[in-house]
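Structural characterization, general
So you can see what is in the structure, the chains are spelled out below.
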Amino acid sequence: MGLRELAETDLGVILEDSATGFGWPITVTDSDGVTKTLTGFSNDISQVIDPDTGQIISGRVATVALRVSTLVSAGLSLPQGIADATKKPWIIAFNDINGNECVFKVMQSNPDRSFGMLTCILELYQQ
């Protein structure tokens, strides 16, 4: 097993271990309405940097990191941002640490195909 294969295997432990690691239930719904619950890493913070001033401001940045092999095993393709408002977006939902459900649409999808991890930048979704 080469280092890339070993790194992808380790990624499974880092992202998907919910007992002793960072693993967190994440619901992924593709643009056709197929829904799967996976385990990955979620992030939802309220501090961002204003690109015009460089100052820290209050905002909201949410992301998820998922293992590509898990998405494929679940029968999903890689989530992607869909700019066309007439089409259904990919939806990502997860609970925050207090159990409140947060629902987002995928704004940007950044696969790392050499490592096997997909990071999605999200924005709030109002159904």
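The rules behind each value
- Residues numbered from 1 in each chain as written.
- Predicted model: local features only at pLDDT ≥ 70, side-chain atom pairs only at ≥ 80, totals over all residues.
- Heavy atoms only, no water.
- Salt bridge = Lys/Arg side-chain N within 4 Å of Asp/Glu carboxyl O.
- Helix = DSSP H or I, 4+ residues; strand = E, 2+ residues; numbered from the N terminus.
- Buried < 20%, exposed > 50% of the residue type's maximum accessible area, 1.4 Å probe, protein only.
- Contact = heavy atoms within 4.5 Å.
- Pairing = 2+ DSSP bridges.
- Axes fitted to C-alpha atoms, helices over the stretch in contact; angles between N-to-C directions.

A complete count under the given rule lists four salt bridges for this structure. A salt bridge links R67 to E16; the nearest nitrogen and oxygen atoms lie 3.2 Å apart. Taken together, the positions of R67 in strand 3 (residues 56-67) and E16 in helix 1 (residues 3-16) put the pair 51 residues apart, joining distant regions of the chain. Notably, a salt bridge pairs K105 with E123, separated by 3.8 Å at the nearest N-O pair. Here E123 lies in strand 6 (residues 117-124) and K105 lies in strand 5 (residues 101-112), a separation of 18 residues in the sequence. When its relative accessible area of 24% is taken as the criterion, K105 is described as partly exposed. On the basis of relative accessible area, E123 is assigned to the partly exposed category, the value being 31%.

On to the side chain of S42, then. Mapped onto the elements, S42 comes out in strand 2 (residues 35-49). Excluding its chain neighbours within four sequence positions, the residues that come into contact with S42 are W24, I26, T63, V64 and F94.

Moving on, we get to the sheet that holds strand 3. In space, the six strands of this closed barrel follow the order 1-2-3-6-5-4, with antiparallel pairing throughout. Strand-to-strand twist across the sheet, computed as the mean angle between neighbouring axes with direction ignored, equals 45 degrees. In this sheet, strand 3 lies alongside strand 2 in antiparallel orientation, the contact comprising eight bridges. Following the sheet pairing, V48 is matched in strand 3 by I57. Each of strand 1 (24-29), strand 2, strand 3 and strand 6 is contacted by helix 1, which is oriented at about 125 degrees to strand 3, the strand it contacts most.

On their own, these measurements won't tell you what the molecule is for.
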